[in-house]
Amino acid sequence: MAGDALNSLATGDQNSSLNRAGEIELVVRSTPAVGPKFHLPVDGLDPVDASMGEGDLDAANSAPLALSQTFLLHSNPGATKVIYLDFNGHTTSGTQWNTTYTNGAAIVTPAYSVEGDSSFSDTELERIQRIWERVAEDYIPFNVDVTTEDPGVDALRDGGGSDTRWGVRVVIGGSSSDWFGSSAGGVAYVGSFSWNTDTPCFVFEEQLANGNEKYTAEAAAHEVGHTLGTSHDGTSTQSYYEGHGSGATGWAPIMGLSYYEEISQWSRGEYPGANETQDDLAIITGANGFGYRSDDYGSAIGTASALDVSGTTVFNSGIIERTADVDYFVFSTGGATINLDINPFYRSANLDILATLYNSVGSIIATSNPVLSLGANFSVVVEAGTYYLSIDGTGKPASGSDYGYSDYGSLGYYTIAGSIVETTTPGIDLYGSAFSSNQSNLLGTGGLVDANVSVSNHGDTAAGAFDVKFYLSDDATIDPATDILLTLDSTSVYYDSAEPYAYHVAGLASLGTDSATVRLAVPLNDPFGTDSQYYIGMFVDADGNITEANESNNRNLGEGIDRQSVSYMLDFRNLTPITIPTSGAASAYPSNITITGLAGM
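Position labels on residues start from 1 in each chain and follow its written sequence. Two thresholds apply to this predicted model, a pLDDT of at least 70 for residue-level local features and 80 or more for giving and counting side-chain atom pairs, whereas whole-chain, interface and lining totals are computed over all residues. Only heavy atoms go into the side-chain values, all of them from the structure, while hydrogens and water stay out.

Undergrad: Please set out the overall build of the protein chain residue by residue, giving values where relevant.
TA: Broken down by element type, the protein chain carries 6 helices and 30 strands. In this analysis, two residues are considered to be in contact whenever any of their non-hydrogen atoms come within 4.5 Å of each other. Long-range pairs, those at least 24 residues apart, make up 72% of the contacts in the protein chain with a sequence separation of at least 6. Per-residue accessibility takes into account occlusion by the displayed protein chains alone, with areas from the Shrake-Rupley method and a 1.4 Å probe. Within the structure as shown, the protein chain displays about 25,000 Å² of accessible surface, and the carbon and sulfur contribution to it stands at 50%. Helix numbers and strand numbers start at the N terminus; a helix is a DSSP run of H or I with at least 4 residues, a strand a run of E with at least 2.

Undergrad: Quick rundown of the pairing of strand β21 (residues 430-437)? Include the residues and the values.
TA: Each residue is placed in one exposure class: buried if its accessible area under a 1.4 Å probe, protein chains only, is under 20% of its type's maximum, exposed if it is over 50%, and partly exposed if it falls in between. With respect to burial, β21 is a largely interior element, 6 of its 8 residues being buried. Pairing of β21 with strand β22 (residues 448-457) involves 7 bridges; the strand directions are antiparallel. Among the inter-strand pairings, S436 is bridged to a residue of β22, identified as N452. Strands qualify as paired when DSSP identifies two bridges or more between them.

Undergrad: Give me the packing of aromatic side chains: which residues, what numbers.
TA: Pairing of aromatic side chains requires ring centres within 6.5 Å, counting the rings of Phe and Tyr and the six-membered ring of Trp. Pairs whose planes differ by under 30 degrees are stacked, by over 60 edge-to-face, and all others tilted. According to the stated counting rule, one finds 32 aromatic pairs in the structure shown. Consider the rings of W97 and W179, whose centres lie 5.6 Å apart with planes at 75 degrees: the pair is edge-to-face. Residue W97 is located in helix α3 (residues 96-101), and its partner W179 is located in the loop between β8 (166-172) and β9 (186-189); the two are separated by 82 residues in the primary sequence. The burial state of W97 is the same as that of W179; both residues are buried.

Undergrad: Can you break down the side chain of S437 residue by residue, with the values?
TA: You can see S437 is positioned in strand β21. One polar contact links the side chain of S437 to the main-chain carbonyl oxygen of Q439, over a distance of 2.6 Å. In protein, a polar contact requires one atom able to donate a hydrogen and another able to accept it; more generally it is a pair of N or O atoms within 3.5 Å, and residues adjacent in sequence count only if both atoms are side-chain atoms.

Undergrad: Residue-level account of the nonpolar core, with values.
TA: Buried residues of nine kinds, namely Ala, Val, Leu, Ile, Met, Phe, Trp, Tyr and Cys, make up a nonpolar core once their side-chain atoms join them within 4.5 Å. Residues I83, Y139 and I416 are the most contacted members of the largest nonpolar core, which totals 69 residues. Contact partners of Y139, with chain neighbours within four places excluded, come to I83, V144, V146, A221, V224, G225, L228 and W266. Of all hydrophobic cores here, the second largest spans 30 residues; its members include V449, V468, L488 and V522.

Undergrad: Outline the pattern of salt bridges, supporting the account with residue identities and numerical values.
TA: Oppositely charged side chains can form a pair if their charged atoms are brought close together. By convention in these notes, a salt bridge is any Lys or Arg side-chain nitrogen within 4 Å of a carboxyl oxygen on Asp or Glu. Tallied over the entire structure, the rule returns 13 salt bridges. Across the pair R157 and D154 runs a salt bridge, and its minimum N-O distance is 3.0 Å. Residue class for R157 comes out partly exposed when judged on its relative accessible area of 33%. For D154, a relative accessible area of 54% puts it in the exposed group. The shortest N-O distance in the salt bridge between E213 and R347 comes to 3.1 Å. Of this pair, E213 sits in helix α5 (residues 213-227) while R347 sits in the loop between β16 (326-344) and β17 (353-358), and the two are 134 residues apart along the sequence. Summarising the burial analysis for this pair, E213 and R347 share the class buried. One connected set of salt bridges, linked through shared partners, spans E126, R130, E133, R134, E213 and R347.

Undergrad: Break down α5 for me, citing the residues and quoting the values.
TA: Expected helix span is computed as 1.5 Å times (number of residues minus one). Look at α5: 21 Å from first C-alpha to last across 15 residues, which is about the 21 Å you get at 1.5 Å a residue. Of all 15 residues in α5, 15 are buried, a share of seventy percent or more. Between the side-chain oxygen of the N-cap and the backbone nitrogen of K214 there are 3.0 Å, and the N-cap of α5 in question is N212. Backbone geometry just after α5 places G229 at a positive phi near 110 degrees.

Undergrad: How would you sum up helix α4 (residues 122-139)? Please name residues and give values.
TA: Here α4 spans 26 Å end to end across 18 residues, near enough to the 26 Å set by a 1.5 Å rise per residue. Among the 18 residues that make up α4, 15 are buried, leaving the element largely enclosed by the rest of the structure.

Undergrad: Got a sec to walk through unusual backbone geometry? Specific residues and values, please.
TA: The phi angle at N210 is positive, at roughly 60 degrees, despite the residue not being glycine. Relative to the elements of secondary structure, N210 occurs in the loop between β10 (201-203) and α5.

Undergrad: Break down the packing of α4 against α5 for me, with residues and values.
TA: All axes here are fitted lines through C-alpha atoms, helices being fitted over the stretch that makes contact, and every angle between N-to-C directions spans 0 to 180 degrees. Running from amino to carboxyl end, α4 crosses α5 at an angle of 40 degrees, the nearest separation of the two axes being 9 Å. Between α4 and α5, the angle is such that the two are oblique. In this structure, α4 meets α5 at a crossing whose hand is right-handed. Side by side, α4 and α5 meet where R127, R130, I131, R134, V135, D138 and Y139 of the first sit next to E213, K214, T216, A217, A220, A221, V224 and G225 of the second. Should an angle fall under 35 degrees it is taken as roughly parallel, and over 145 as roughly antiparallel, whereas 65 to 115 is taken as roughly perpendicular and any remaining angle as oblique. Two helices that cross are described as forming a left-handed crossing if the nearer one is turned anticlockwise from the farther one by less than a right angle, and a right-handed crossing if clockwise.

Undergrad: Which residues make up the confidence of the model for the protein chain, and what are the values?
TA: Per-chain confidence: the protein chain averages 86 in pLDDT, with 84% of residues scoring 70 or above. Confidence per residue, as judged by the predictor, is encoded in pLDDT with a range of 0 to 100. In this model, residues 1-60 is a region of pLDDT below 50 whose contacts with residues beyond four sequence positions or in other chains number 158 contacts. Ignoring residues within four places in sequence, the model shows residues 595-601, a span with pLDDT below 50, making 20 contacts including any to other chains.

Undergrad: Account for the pairing of β16, naming residues and giving values.
TA: Where strand β13 (residues 305-306) meets β16, 2 bridges bridge the pair, whose relative direction is parallel. Across the sheet, residue A306 finds its bridge partner in β16, namely V330. Where β16 and strand β19 (residues 376-393) come together, 17 bridges link them in antiparallel fashion. Bridge pairing links I338 to V380 in β19. Bridge count for β16 against strand β20 (residues 412-422) is 9 bridges, and the pairing is antiparallel. Within the sheet, the bridge partner assigned to D341 lies in β20 and is A417.

Laid out in structure tokens, this is it:
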């Protein structure tokens with residue numbers, strides 16, 4: 001890039017980037033107009049007075065971690081790309097900033113200080129942690145680490161070649177009048193994230209109501225967005241779009257002016273009058289050396305992850321990483337009252353949640369997406385069975401001058417918390433509550449499989465002795481009339497030569513569970529010869545010894561509940577190296593390649 005063009009490529013949030021026509025345009029982030037937004041008391045306090053930093057938008061909540069950890073915070077410590085929030089004061093030298101704005105002189109930024117002294121008070125450390133939380137939420141869908149720990153200069157510049165570690169420093173402190181000249185909340189060079197120098201972007205606390213928590217975090221996320229290549233979101237009459245709506249779902253684009261709305265998101269210009277329709281997410285993940293995080297949970301009912309239930313308490317956390325991402329969880333119950341709260345990140349969330357509850361066959365039994373809230377919740381009573389919970393990022397429909405938003409930027413962290421409390425059935429109610437085996441491929445097992453089983457009583461009355469029997473089925477329905485009845489192996493501690501097919505349960509108390517590992521004898525070879533998609537399942541109280549309130553749930557409740565899919569599949573393994581000739585004019589690939597040394601297992 002030509003030197004004079006590079007010199008002007010600072011989005012000082014003053015006016016400087018190359019527009020699509022290749023012309024230089026300056027982009028300067030304006031100072032927040034705090035006065036009319038805060039409904040100031042009539043005594044007319046200075047809008048950049050330190051007291052404004054303690055207003056409603058900067059509530060003095062306790063720090064998320066011990067104060068000693070303030071400069072050790074990481075949102076994604078395994079990532080090779082980094083966004084370093086530098087609150088400690090920094091001397092910038094040898095960069096384009098120095099060449100353009102200070103005639104080569106060093107730029108000395110003081111440490112972030114709300115109280116105007118040289119040390120960090122507990123209040124300042126708490127605020128730094130909360131600023132980090134807000135910025136981390138904006139970048140949590142991506143495989144990048146937002147940190148307050150200095151990673152060293154080499155981790156902030158792209159050295160080229162085999163270098164895989166780089167990022168950007170966000171210098172937070174001081175005033176734009178110290179060296180930049182114009183009044184600005186922050187400045188950045190567009191696309192500088194992967195430069196080969198430690199060229200920071202700047203966030204000026206004095207222009208942000210003395211380092212107000214929300215203002216500072218929004219400015220930091222915005223300026224980093226510029227370093228990643230994104231441009232301003234405005235309209236034909238506004239350089240920065242300030243958003244629309246109000247309350248918890250009041251919305252603004254991160255690359256607009258997001259100081260004043262509760263939810264800020266990455267955007268592609270879907271609001272009325274947008275002058276910039278660039279795809280922020282594609283730009284961020286397409287040209288900076290990192291993409292999205294790996295998906296953390298299954299994305300369909302068939303790949304659902306187990307909901308974490310301890311006793312009656314439920315707690316899970318996750319991330320919606322992509323617009324199309326949906327996280328699925330599975331759990332089973334013998335009948336219960338379910339109370340769940342699914343909430344986005346508690347501070348400056350980007351995620352608006354749509355939660356859906358399904359039954360065992362995938363039919364929707366409940367949904368939750370309150371229009372004026374970002375979270376979701378359920379309070380339902382369900383019968384015995386397997387259930388699925390999905391978490392999805394969603395949008396908000398338009399209503400008058402509140403234009404809402406799509407699900408495009410509805411990404412971020414969430415938690416699932418609550419309880420699943422088993423409710424008893426009058427009488428006795430026996431059912432299989434867990435089933436898994438140590439082998440899913442029965443070929444080559446020597447005819448033995450260990451089944452881990454749990455049987456429960458959902459009734460309010462204790463059950464006497466009963467038997468559990470096991471079957472190998474050609475399909476997902478366990479049917480004693482057509483399926484193969486399996487015997488317990490004679491070496492199993494539960495083997496009874498008088499009844500080799502039965503696992504005996506001496507009895508079960510109300511809401512009691514019996515668990516065991518039962519060794520089963522299975523056919524050595526495929527007994528069906530069909531599609532090799534088979535099932536091992538159990539039949540609780542198979543002989544009908546117990547009179548139950550519900551006789552229909554003794555089998556066929558679901559995968560992992562009272563059955564498991566298995567197969568008889570040949571496993572081919574290469575026991576010797578395979579050599580393929582080198583391609584070329586003199587030695588083209590043969591039309592047939594013979595592979596030898598394969599053994600069926």
